[in-house]
Amino acid sequence: MAEALDTYVAVKTRDTKYSSPHTYRSFVGVVREWCRGQDLLDKAASVFNRGHALRFLDYLQDTRQVGNNTFNNYILRSSILFIWMMEREYRTDNPFKGVKRKRKEEKLRTLITPEERTACLDWFQRNDPPMVMVCLWVFHTLLRPRSELLRIGCRMWTCGTVW
């Protein structure tokens, strides 16, 4: 199982960019952690059965306390992992096939009042001035700080050359 997981990460991160390698490594890290606790890492990937799949999903819910959307993402990623294992002949079936997904949760959005926004900006101005620019940038551009704002790159073009 450990070999299959290592190979999966190596193959999937070979030609990807941005946050994809991190996503694959993070997902496989969770699977690896659970398999280690079940003493499955040193066993053949074919030993992992439907019961293991359901107990893994229980672990996600009970121990890691993931929400419904994340739970559904784990079902999808796990299914993709085991389909890949089938293609590479590590196993002959997909133990996640037919697992029921949970109902999607509505996102809870809290509107920030102008008074709260002013209070936050005042606090940042006194305690962390560079953060004021970040807050204003996020607010006015509607970029998400972690997934979009951090990926912005600056490029200067002069005479067709990137500086």
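That block above? That's the structure.
Given the structure is predicted, the values throughout are model-derived calculations rather than measurements. (Residues numbered from 1 in each chain as written. Predicted model: local features only at pLDDT ≥ 70, side-chain atom pairs only at ≥ 80, totals over all residues. Heavy atoms only, no water.)

## Quick look at the pattern of salt bridges
For side chains bearing opposite charge, pairing can occur when the charged atoms are close.
So, step 1. The final tally for this structure, using the stated rule, is 4 salt bridges.
So, step 2. The salt bridge involving Arg 32 is made with Asp 6; its shortest N-O contact spans 2.5 Å. Highlighted residues: Arg 32 in helix H2 (residues 20–37) and Asp 6 in helix H1 (residues 2–13), separated in sequence by 26 residues.
So, step 3. In this structure Arg 32 comes out as buried when scored by relative accessible area, which is 18%.
So, step 4. Across the pair Arg 91 and Asp 93 runs a salt bridge whose closest N-O atoms are separated by 2.9 Å.
So, step 5. For Arg 91, a relative accessible area of 5% puts it in the buried group.
So, step 6. With a relative accessible area of 39%, Asp 93 lands in the partly exposed category. (Salt bridge = Lys/Arg side-chain N within 4 Å of Asp/Glu carboxyl O. Helix = DSSP H or I, 4+ residues; strand = E, 2+ residues; numbered from the N terminus. Buried < 20%, exposed > 50% of the residue type's maximum accessible area, 1.4 Å probe, protein only.)

## Topic: unusual backbone geometry
So, step 1. If you check the backbone angles, Gln 65 has positive phi at about 50° while not being a glycine.
So, step 2. With respect to the helices, strands and loops of the structure, Gln 65 is situated in the loop between helix H3 (50–62) and helix H4 (68–87).
So, step 3. Classification of Gln 65 by relative accessible area gives exposed; the value is 64%.
So, step 4. For Glu 89, which is not glycine, the phi dihedral falls at a positive 65°.
So, step 5. Tracing the chain through its elements places Glu 89 in the loop between H4 and helix H5 (114–127).
So, step 6. Residue classification places Glu 89 among the exposed residues on the basis of a relative accessible area of 71%.

## Quick notes on empty space enclosed by the protein
So, step 1. A complete count under the given rule lists 1 cavity of 30 Å³ or more for this structure.
So, step 2. Looking at the largest cavity, its volume works out to about 40 Å³.
So, step 3. Lining the largest cavity we find Val 31, Trp 34, Cys 35, Phe 48, Phe 56, Ser 78, Leu 81, Phe 82 and Phe 96.
So, step 4. Broken down by secondary-structure element, the contributors of at least two residues to the lining of the largest cavity are H2 and H4.
So, step 5. For the lining of the largest cavity, a count of residues per class yields 8 nonpolar, 1 polar and no charged. (1 Å grid on protein atoms, 1.4 Å probe; cavity = no way out; pocket = protein on both sides within 12 Å on 5 of 7 lines; lining within 4 Å. Points joined across faces, edges and corners; volume = space filled by probe spheres on them. Nonpolar A, V, L, I, M, F, W, Y, C, P; charged D, E, K, R; others polar.)

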